[in-house]
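Residues per chain are reported as follows:
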Amino acid sequence: MNKIAIAALLTAFVAAPAVAADSYGNAYVGIKVGQAKTNFDNISLTKDSPMAYGIFGGSQFNKNFAVEAEYTDLGKGEFAGGEAKSSAWGLSVVGSVPIGNNFSLYGKLGVARANTDASGSASAKHTGATYGLGGNFDVSPSVGLRLSYERYNLGDSAATFPSGKADVLALGAVLKF
């Protein structure tokens, strides 16, 4: 399912024509790929920097404000007793500060639903705050590049798998409609 969504999004990037020069009040979609550093309370991970990837989309209301939804696969973390795979769905408010004509810095704050499934039957779902910082570079009026840092909370201390966090550093591509 995830591979199909990413393939469809990549096809949209390749096939989409350049549209509307004004990027405000318009929708956008994107993909991201990067590195996740995952830590769980009371568990020593033997592999703690798996590949992370995701898709996102949102609406830019003006040059300083957007709302964004996302799905991020946080990869697998391996530990002595097995492995844990995590992912998150999120909804965030994004605040941007333009610097020049083609570059902006942004911060985002929202809520994410993280799912962690470990070897065997242990799993946990956690809904909590997510946040991030980054920069956008507009290659053209309809295509941009994004470098981001994002934090997700994982696990649940009351569940069968301990709480933790995932820090993601990613590079993304954005298509504006």
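Residues numbered from 1 in each chain as written. Predicted model: local features only at pLDDT ≥ 70, side-chain atom pairs only at ≥ 80, totals over all residues. Heavy atoms only, no water.

## Considering the confidence of the model for the protein
Phase 1: Mean pLDDT over the protein stands at 82; residues scoring 70 or higher make up 75%.
Phase 2: Mean pLDDT across the elements of the protein ranges from a minimum in helix H1 (residues 2-15), with 48, to a maximum in strand S3 (residues 51-62), with 95. (pLDDT = per-residue confidence, 0-100. Helix = DSSP H or I, 4+ residues; strand = E, 2+ residues; numbered from the N terminus.)

## Let's talk about the pairing of strand S4 (residues 65-79)
Each regular strand displays side chains that alternate between the two surfaces of the sheet.
Phase 1: Two elements, S3 and S4, share nine bridges in a ladder whose sense is antiparallel. Bridging from a neighbouring strand, Ile-55 pairs with Tyr-71 of S4. (Pairing = 2+ DSSP bridges.)

## As for the environment of Val-29
Phase 1: Checked against the element boundaries, Val-29 lands in strand S1 (residues 26-40).
Phase 2: Val-29 gets classed as partly exposed once you look at its relative accessible area, which sits at 22%.
Phase 3: For Val-29 and Lys-176, which are 147 residues apart along the polypeptide, the C-alpha to C-alpha distance reads 6.6 Å. (Buried < 20%, exposed > 50% of the residue type's maximum accessible area, 1.4 Å probe, protein only.)

## What to know about the pattern of salt bridges
Phase 1: Counted according to the given criterion, the structure contains nine salt bridges.
Phase 2: Here Glu-70 makes a salt bridge to Lys-108, at a shortest N to O gap of 3.2 Å. Of this pair, Glu-70 sits in strand S4 while Lys-108 sits in strand S6 (residues 103-118), and the two are 38 residues apart along the sequence. Of the two residues examined, Glu-70 and Lys-108, each falls in the buried class.
Phase 3: Residues Lys-176 and Asp-138 are paired through a salt bridge, measuring 2.5 Å at the closest nitrogen-oxygen approach. Of this pair, Lys-176 sits in strand S9 (residues 164-176) while Asp-138 sits in strand S7 (residues 123-138), and the two are 38 residues apart along the sequence.
Phase 4: Residue Lys-176 is classed as buried on the basis of its relative accessible area, which comes to 14%.
Phase 5: Judged by relative accessible area, which is 21%, Asp-138 ranks as partly exposed. (Salt bridge = Lys/Arg side-chain N within 4 Å of Asp/Glu carboxyl O.)

## A closer look at a nonpolar patch on the surface
Phase 1: There is a patch of nonpolar side chains on the surface, built from Val-97, Ile-99, Phe-103, Leu-105, Phe-137, Val-139 and Leu-145 and spanning about 600 Å² of accessible area.
Phase 2: Within the residue set of the nonpolar patch, elements represented by two or more residues are strand S5 (82-99) and S6.
Phase 3: The residue Leu-145 is located in strand S8 (residues 143-154) in this model. (Patch = residues over 30% accessible without salt bridge, like charges linked within 9 Å, V, L, I, M, F, W, Y side chains within 5 Å. Areas by Shrake-Rupley, 256 points an atom, 1.4 Å probe, with all protein chains shown as cover.)

## As for the side chain of Ser-104
Phase 1: Positionally, Ser-104 belongs in strand S6.
Phase 2: Residue Ser-104 is classed as buried on the basis of its relative accessible area of 13%.
Phase 3: Beyond its immediate sequence surroundings of up to four residues, Ser-104 is in contact with Val-97, Pro-98, Ile-99, Gly-134, Gly-135 and Asn-136. (Contact = heavy atoms within 4.5 Å.)

## Comments concerning the packing of aromatic side chains
Phase 1: If you walk through the whole model with that rule in mind, you get three aromatic pairs.
Phase 2: Just above the ring of Tyr-106 sits the side chain of Arg-146; from NZ or CZ to the centre is 4.9 Å. (Phe/Tyr/Trp six-rings, centres within 6.5 Å; stacked < 30°, edge-to-face > 60°. Lys NZ or Arg CZ within 6 Å of the ring centre and 35° of its normal.)

## Focus: the pairing of S6
Phase 1: Sheet topology note: the S5/S6 ladder contains 16 bridges and is antiparallel. Within the sheet, the bridge partner assigned to Lys-85 lies in S6 and is Asp-117.
Phase 2: Hairpin remark: S5 followed by S6, antiparallel, with three residues in the connecting loop; positive phi at Gly-100, about 80°.
Phase 3: In terms of strand pairing, S6 meets S7 through 15 bridges, oriented antiparallel. Looking at S7, one finds that Phe-103 is bridged to Phe-137.

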